[in-house]
Amino acid sequence: MKILLVEDNEMNRDMLSRRLVRKGYEIVMAVDGGEGVLMSVSASPELILMDMSLPVIDGWEATRRIKGAPETRHIPIIGLTAHAMAGDREKALEAGCDEYDTKPIELERLIGKIESFRSKTSGG
Amino acid sequence: MDLTSAARIGQIHREMAELCLALKPPVDELSDQLGRLRRKALETGVSDAAADLDRMCAASDRLQALTAGLISAPPPAAPEGRAWLAAHEHLRHDLRTPLNAVKGYGELLMEDWQEGGARSLMPELRQVIATANQLLSMIDDH
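On to the overall build of chain A, then. Within chain A one finds 5 helices and 5 strands. Mapped from its N terminus to its C terminus, chain A presents α and β elements in the order β-α-β-α-β-α-β-α-β-α. Taken against the 2.2 N^0.38 rule, which gives 14 Å for 124 residues, the C-alpha radius of gyration of chain A at 13 Å falls within 12% of a compact globule. The buried share of chain A, reckoned over its 124 residues, is 36%.

This is how it looks when you write it as structure tokens:
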């Protein structure tokens with residue numbers, strides 16, 4: 001499964017991508033919201049992990065743009081934030097995220113959410 | 001600056017100083033634990049983990065500097081109050097970021113070290129992750 005990870009923090013990007021690669025996922029990465037929007041088209045990911053606090057274009061706006069474009073609106077997006085604050089989940093879902101998770105990442109929980117989209121997209 | 005803002009800035013300043021004072025002992029402990037783990041890893045010859053351990057130590061150093069700065073910083077003078085407040089709005093986030101790095105790289109190494117010669121390092125690594133989790137809970141609960 002090919003996943004686009006949009007994350008500006010170098011350490012978070014490195015950690016999460018390495019752990020997901022070990023689990024068998026193919027990871028492509030973008031470092032800000034603008035690059036994330038571009039790569040949602042050029043890299044044809046099957047799912048997007050979107051950090052919401054991003055430079056240039058933040059994750060909420062990037063999500064709105066991806067979900068607003070006919071060629072990318074079908075791609076499931078899981079929004080990630082560092083805050084476990086009330087309202088963040090609703091804000092992410094309003095922007096168009098299909099799911100939401102908080103940092104620090106609990107890998108098994110995140111993989112459970114990723115896999116739920118695999119079964120949906122494969123019709124299983 | 002009105003009185004409400006001044007009172008709010010004063011309150012946040014006191015809360016952050018109190019939080020950082022409470023965090024200091026486990027933050028120092030985390031630094032010591034990482035130092036011991038790094039030394040033992042090098043002695044054991046687990047050289048492929050050196051870069052990840054360096055990142056964890058760098059994150060721990062950042063956390064130590066951040067908490068020390070917040071404990072000793074004087075309350076902001078009135079003209080700088082608003083800027084200070086804006087800069088410190090995301091302070092809990094700033095405290096969590098290095099801890100998330102320590103925890104994440106620690107879990108990455110845990111996966112690496114499940115098998116093979118590095119298994120002897122697991123007790124120290126578990127301690128590091130436990131201290132990072134304790135600090136994250138303190139930041140969330142304070």
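The subject of this paragraph is unusual backbone geometry. Residue and element names in this part refer to chain A. Here the amide bond leading from K103 into P104 is cis, since omega sits at 0 degrees, within 30 degrees of zero. With respect to the element layout, P104 can be found in the loop between β5 (99-102) and α5 (107-121). Located in the positive-phi region is S44, a residue other than glycine, with phi close to 45 degrees. By secondary structure assignment, the location of S44 is in the loop between α2 (33-42) and β3 (47-51). For S44, a count of 13 C-beta atoms within 10 Å gives the class partly exposed. A positive phi angle, near 70 degrees, is found at V56, a position not held by glycine. Residue V56 is classed as partly exposed on the basis of its C-beta count, with 14 C-beta atoms lying within 10 Å.

Here the focus is helix α3 (residues 59-68) of chain A. Residues and elements named next belong to chain A. Taken residue by residue, α3 has G59, W60, A62, T63 and I66 as its buried positions. Down the axis of α3, the buried side of the element spans an arc of 160 degrees, and every buried residue falls inside it. Next to the buried residues of α3 lie β1 (2-6), α2, β3, β4 (77-81) and α4 (88-95).

As a further point, take the packing of helix α2 (residues 50-72) of chain B against helix α4 (residues 91-112) of chain B. Residues and elements named next belong to chain B. At a closest axis distance of 9 Å, the pairing of α2 and α4 adopts a crossing angle of 160 degrees. Considered as vectors, α2 and α4 are oriented roughly antiparallel to each other. When the axes of α2 and α4 are compared, the crossing they make is left-handed. The segment α2 lies against α4, with D52, R55, M56, A59, S60, R62, L63 and L66 engaging D94, L95, P98, L99, A101, V102, Y105, G106, L108 and L109. For the contact of α2 with α4, the class distribution of residues is 12 nonpolar, 2 polar and 4 charged.

What follows deals with the nonpolar core. Core analysis: the largest hydrophobic core is formed by 57 residues, its most contacted members being V6(A), I48(A), L49(A), M50(A) and V102(B). Per-element accounting of this core gives the leading share, 8 residues, to helix α1 (residues 3-44) of chain B. When residues no more than four places from it in sequence are discounted, the contact partners of L49(A) are I3(A), L5(A), V6(A), I78(A) and L80(A).

Residue and element names in this part refer to chain A. Within the open sheet, the 5 strands sit side by side as β2-β1-β3-β4-β5. Their pairing is parallel. Sheet topology places β2 (26-30) and β5 at the edges, where each strand pairs with a single neighbour. When strand polarity is set aside, the average angle formed by the axes of neighbouring strands in this sheet is 20 degrees. Docked against the sheet, α3 engages β1, β3 and β4, running at close to 155 degrees with respect to β3.

Turning our attention to the interface of chain A and chain B. Contacts between the two partners involve 11 residues from chain A, matched on the other side by 12 residues from chain B. Classifying every residue of the side of chain A that touches chain B gives 6 nonpolar, 1 polar and 4 charged.

Residues and elements named next belong to chain A. For β1, the buried fraction is high: 4 of the 5 residues fall into the buried class. Across 5 bridges, the pairing between β1 and β2 is parallel. Paired with I3 across the strands is I27, a residue of β2. For the crossover that starts at β1, traverses helix α1 (residues 10-22) and ends in the parallel β2, the hand is right-handed. Strand direction decides the pairing type here: β1 and β3, joined by 4 bridges, are parallel. Bridge assignment links L5 to a residue of β3, and that residue is L49.

Thresholds applied
Residues numbered from 1 in each chain as written. Chains lettered and ligands numbered in written order. Predicted model: local features only at pLDDT ≥ 70, side-chain atom pairs only at ≥ 80, totals over all residues. Helix = DSSP H or I, 4+ residues; strand = E, 2+ residues; numbered from the N terminus. Rg over C-alpha atoms; globule rule 2.2 N^0.38 Å. Buried ≥ 20, exposed ≤ 12 C-beta atoms within 10 Å, placed from the backbone. Arc of directions from axis to C-beta. Contact = placed C-beta atoms within 7 Å. Axes fitted to C-alpha atoms, helices over the stretch in contact; angles between N-to-C directions. Parallel < 35°, antiparallel > 145°, perpendicular 65-115°, else oblique. Left-handed = near helix turned anticlockwise from the far one by under 90°. Nonpolar A, V, L, I, M, F, W, Y, C, P; charged D, E, K, R; others polar. Core = buried A, V, L, I, M, F, W, Y, C linked by C-beta atoms within 7 Å. Pairing = 2+ DSSP bridges. Right-handed = clockwise from strand over helix to strand, strands pointing away.

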